[in-house]
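Listed below are the residues making up each chain.
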Amino acid sequence: MKNILLAVTGGIAAYKAIDLTSKLTQSGYQVRVMLTEHAKQFVTPLAFQAISRNHIYTDTFDEKDVSEIQHITLADWADAVIVAPATANTISKLANGLADNMVTSTLLATTAPVFIAPAMNVHMLEHPSTVENMSRLRNYGYKFIAPGEGYLACGYVARGRMEEPITILTIIDDYFKEQAQPQTFALKGKNVLVTAGPTVEKVDAVRYFTNRSSGKMGYALAEAARDLGANVTLVSGETNLTQPVGVEFVQVTSAEDMFQAVKSRMNDMDMIIKAAAVADYTPVETSEHKMKKKDGDLQLTFKRTTDILKYLGEHKDKQYLVGFAAETDNVEEYAMGKLKKKNADVIVANHVANETIGFRSSDNEVDMYFANGDKVPIAKASKQQVAIKILNEITSRWED
């Protein structure tokens, strides 16, 4: 029997946490519940106590047992922690290490996996501070259960609904099933290079061309490869992401920088995953000083950058080559064309016109096109989950 610590914070979706407690309990989990003071404005401790048949924890200083410190005991007791619903306020506190109530104190003390199910207005969810806080927590190892789309309490019909309890239960079940399987290191001893993020092409001392890539997919792939036992090199353009632990990190700026970094390392690699969004063109002339505004139009001349994926396809030896295709239309046609022209082993394609899975999104949904003709769709999930599925598909094929 696994121990689940459920943290309920102050949003209208707190009513769903009662149902979640019931479903977890009926599935055989031992459930203990913590409520913030704001959560108690929406639901009562008694409801959770009746369903879980355990004490409910609301106050850090209201010790149920004087022989122990309850937030430390709970932190150690849990096999997994679920924060549902997770408000923007609590997410912000966790991201910044605040411990001003029972929930945040316990979460700061636990070493168990933490699953966060956000619930809030769509504009709050998409606010830069919330996005940054969630990114920071992902880098800490927190697992997010993405909110769904639908009618919100504020009257909007948009993304921000806490995921349904039955789905959260399935995610928790799947997590423990995976943990019960023997740990696999399908890439143990292999050298894997991943490119990530955008490139920046200089115009003058203050201006440049770039793109909307956040680097999240590439970073997630680097972390997933590391967890599978690989020796990982991450060649990254400029991003706001935290450098992953346990990988060799190479910072680059321009397309030429990235090409040189990849070219100099490719012979030592067993697999190269080119997930970066590299500029196709760069200005012919640049200025070390700011170009002053003049009357009339400005014309710039651009030249092609080196096609890194094509170069790798032409010069690869033993390397398994993975390319990415971010398209806005005719996704399959362009992905298949890229697979052949670049001599790649697989192309991972996604439809970036869909903002919920496009650049800067925390989720992705892709189709994998293999050189042997296989096509493998991967359903919408967090980029961390998609990365794991991509590598699982690759490692089951690449030796062949």
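Keep in mind that this is a model prediction, so the values were computed, not measured.

**Q** Would you explain the nonpolar core in this entry?
**A** The nonpolar side chains of soluble globular proteins are, as a tendency, buried together. Grouped together as the largest cluster of nonpolar side chains are 37 residues, with contacts concentrated most on Leu221, Ile390 and Ile394. With seven residues, the single largest contributor to this core is helix 9 (residues 216-227). Judged by nonpolar contacts, the second largest core, of 29 residues, contains Ala14, Leu35, Ala39 and Ile172.

**Q** Explain the packing of helix 10 (residues 255-263) against helix 11 (residues 308-315) here, please?
**A** In contact at an axis separation of 10 Å, helix 10 and helix 11 are set at 20° when each is read in the N-to-C sense. Here helix 10 is positioned roughly parallel relative to helix 11, judged by the angle of their axes. Once helix 10 is placed against helix 11, the crossing between them reads as right-handed. Judged by residue contacts, Ala255, Met258, Phe259, Val262 and Lys263 of helix 10 engage Ile308, Tyr311 and Leu312 from helix 11. When the residues that make up the contact of helix 10 with helix 11 are grouped by side-chain class, the tally is seven nonpolar, no polar and one charged.

**Q** Please explain the sheet that holds strand 5 (residues 114-118) as it appears in this structure.
**A** Consider a sheet: its strands pair through backbone hydrogen bonds, and that pairing is either parallel or antiparallel. On the basis of which strands lie adjacent, the open sheet formed by six strands has the order 3-2-1-4-5-6 and parallel pairing. Of all strands in the sheet, those bounded by a partner on one side alone are strand 3 (56-57) and strand 6 (143-144). Both strand 2 (residues 30-35) and strand 3 contribute to a ladder of two bridges, which runs parallel. Across the sheet, Met34 pairs through a bridge with Tyr57, a residue of strand 3.

**Q** I keep staring at empty space enclosed by the protein and nothing clicks. Help me out?
**A** Any empty space left between atoms is shown by rolling a water-sized probe over those atoms. Counted under the stated rule, the structure contains one cavity of 30 Å³ or more. Along its surface, the largest cavity is lined by Ser135, Arg138, Asn139, Lys216, Tyr219, Ala220, Glu223, Leu241, Ser362, Lys383 and Gln384. Elements represented by at least two residues in the lining of the largest cavity include exactly helix 7 (128-140), helix 9 and helix 13 (383-395). Looking at the lining of the largest cavity, the element that brings in the most residues is helix 9, giving four residues. Here the residues of the lining of the largest cavity are counted per class, giving three nonpolar, four polar and four charged.

**Q** Help me understand the UniProt feature "binding site: CTP" (unreviewed entry) in the chain, please; the structure alone is not making it clear to me.
**A** In this numbering, the UniProt entry assigns the feature "binding site: CTP" (unreviewed entry) to Asp280, Lys290, Phe324, Lys338 and Lys342. Taken along the chain, the residues just named run across 63 residues; in space they spread out, the farthest C-alpha pair reaching 37.8 Å. Locating Lys338 in the fold gives a position in helix 12 (residues 331-341). Relative accessible area serves as the criterion here: at 21%, Lys338 is assigned to the partly exposed category. Here Lys338 is in contact with Leu309, Phe324, Ala325, Asn343 and Ile347, once residues within four sequence places are set aside. Among the polar contacts listed, one links the side chain of Lys338 to the backbone oxygen of Phe324, at a separation of 2.6 Å.

**Q** Help me understand the sheet that holds strand 20 (residues 375-382) in this model?
**A** Overall, mixed pairing links the eight strands, which are arranged 13-12-9-14-17-18-19-20 in an open sheet. Only two strands of the sheet have a single partner each, and these edge strands are strand 13 (248-251) and strand 20. Here the average twist between neighbouring strands, direction ignored, is 15°. Bridge analysis of strand 14 (residues 271-274) against strand 17 (residues 320-327) gives four bridges, and the strand direction is parallel. Bridge pairing links Met271 to Tyr320 in strand 17.

**Q** Explain the pairing of strand 20 here, please?
**A** Consecutive residues of a regular strand have side chains that alternate between opposite faces of the sheet. Strand direction decides the pairing type here: strand 19 (residues 363-370) and strand 20, joined by six bridges, are antiparallel. Bridging from a neighbouring strand, Asp367 pairs with Pro377 of strand 20. Between strand 19 and strand 20, which follow one another and run antiparallel, lie four residues, and Gly373 among them has a positive phi close to 100°.

**Q** What exactly am I supposed to notice about the layout of surface pockets here?
**A** Looking at the largest pocket, its volume works out to about 1700 Å³. Along the walls of the largest pocket sit 44 residues, with Lys143, Glu178, Gln384, Gln385 and Ile388 positioned nearest its centre. Broken down by secondary-structure element, the contributors of at least two residues to the lining of the largest pocket are helix 7, strand 6, strand 7 (148-151), helix 8 (165-180), helix 9, strand 20 and helix 13. It is helix 8 that contributes the most residues to the lining of the largest pocket, six residues altogether. Counted as a void, the second largest pocket has a volume near 1100 Å³. Considering the residues around the second largest pocket, the lining is formed by 40 residues, among which Val131, Ser214, Lys216, Arg360 and Ser361 are closest to the centre. At the level of elements, helix 6 (122-126), helix 7 and strand 8 (157-161) are the ones that each hand at least two residues to the lining of the second largest pocket. When residues of the lining of the second largest pocket are assigned to their parent elements, the largest contribution, eight residues, is made by helix 7. Residues that form the lining of the second largest pocket fall into these classes: 15 nonpolar, 13 polar and 12 charged.

**Q** So what exactly am I meant to see when it comes to helix 12 here?
**A** Counting along an α-helix, one turn takes 3.6 residues, and residues three or four places apart therefore face a common direction. Listed as buried for helix 12 are Val331, Ala335 and Leu339. Here the buried residues of helix 12 occupy an arc of 65° about the axis, which is enough to place them on one side. For helix 12, the exposed residues set more than 90 degrees away from the buried face come down to Glu333, Lys340 and Lys341. Contacts made by the buried residues of helix 12 are with strand 17, strand 18 (346-351) and strand 19.

**Q** Help me out: how do you make sense of the packing of aromatic side chains in this one?
**A** Given two aromatic rings, their pairing is described by the distance between the two centres and the angle made by the two planes. Throughout the structure, instances matching the rule amount to six aromatic pairs. With a centroid separation of 6.4 Å and 65° between ring planes, the pair formed by Tyr219 and Phe249 is classed as edge-to-face. Of this pair, Tyr219 sits in helix 9 while Phe249 is found in strand 13, placing the two residues 30 residues apart along the sequence. With a relative accessible area of 23%, Phe249 lands in the partly exposed category. A network of ring pairs unites the aromatic residues Tyr29, Phe115, Tyr175 and Phe176 as a single cluster. Across from the ring centre of Trp77, 4.3 Å away, lies the NZ or CZ of Arg32, which sits over that ring. A cation sits over an aromatic face here: Arg397 above Phe370, 4.4 Å from the ring centre.

Reading the values: rules and limits
- One numbering rule holds for all chains: residues counted from 1, following each sequence as written.
- Thresholds applied to this predicted model are a pLDDT of at least 70 for local features of residues and 80 or more for the giving and counting of side-chain atom pairs; totals over whole chains, interfaces and linings are not thresholded and use all residues.
- Excluded from the side-chain calculations are hydrogens and water; all other atoms, namely the structure's heavy atoms, are used.
- Think of a nonpolar core as a cluster: buried Ala, Val, Leu, Ile, Met, Phe, Trp, Tyr and Cys residues, connected wherever their side-chain atoms sit within 4.5 Å.
- To sort residues, take the accessible area from a 1.4 Å probe on protein chains only and compare it with the maximum for the residue type: under 20% means buried, over 50% means exposed, and anything in between is partly exposed.
- Runs of H or I in DSSP of at least four residues are treated as helices and runs of E of at least two as strands, each being numbered from the N terminus.
- With axes taken as lines fitted to C-alpha atoms, and helix axes fitted only over the stretch in contact, angles between N-to-C directions fall between 0 and 180 degrees.
- Any angle between 65 and 115 degrees counts as roughly perpendicular, while under 35 counts as roughly parallel, over 145 as roughly antiparallel, and the rest as oblique.
- We call a crossing left-handed when the near helix sits turned anticlockwise from the far one by less than a right angle, and right-handed when that turn is clockwise.
- In this description, contact between two residues means that some pair of their heavy atoms is separated by no more than 4.5 Å.
- Side-chain classes are defined by residue name, with Ala, Val, Leu, Ile, Met, Phe, Trp, Tyr, Cys and Pro counting as nonpolar, Asp, Glu, Lys and Arg as charged, and the others, Gly among them, as polar.
- At least two DSSP bridges between two strands are needed for those strands to be called paired.
- Site definitions follow a grid-based scheme: protein atoms alone, a 1 Å grid, a 1.4 Å probe that fits but cannot get out for cavities, and for pockets an open set with protein on both sides within 12 Å along at least five of seven lines, plus lining residues having an atom within 4 Å of a point.
- Grid points are joined across faces, edges and corners, and a volume is the space filled by probe spheres set on the points.
- UniProt positions are given in the numbering used here, feature names are shortened, and annotations may be inferred rather than shown by experiment.
- Polar contact criterion, stated in full: a pair of N or O atoms within 3.5 Å, where within protein one must be able to donate a hydrogen and the other to accept it, and residues adjacent in sequence count only if both atoms are side-chain atoms.
- The reported arc concerns the directions from the helix axis to the C-beta atoms and nothing else.
- Ring geometry is summarised as follows: Phe, Tyr and Trp rings, the Trp one being its six-membered ring, pair when their centres sit within 6.5 Å, and such pairs are stacked at plane angles under 30 degrees, edge-to-face over 60 and tilted between the two.
- Charges are assigned to positions over rings by a cutoff of 6 Å between ring centre and Lys NZ or Arg CZ, combined with an angular limit of 35 degrees from the ring normal.

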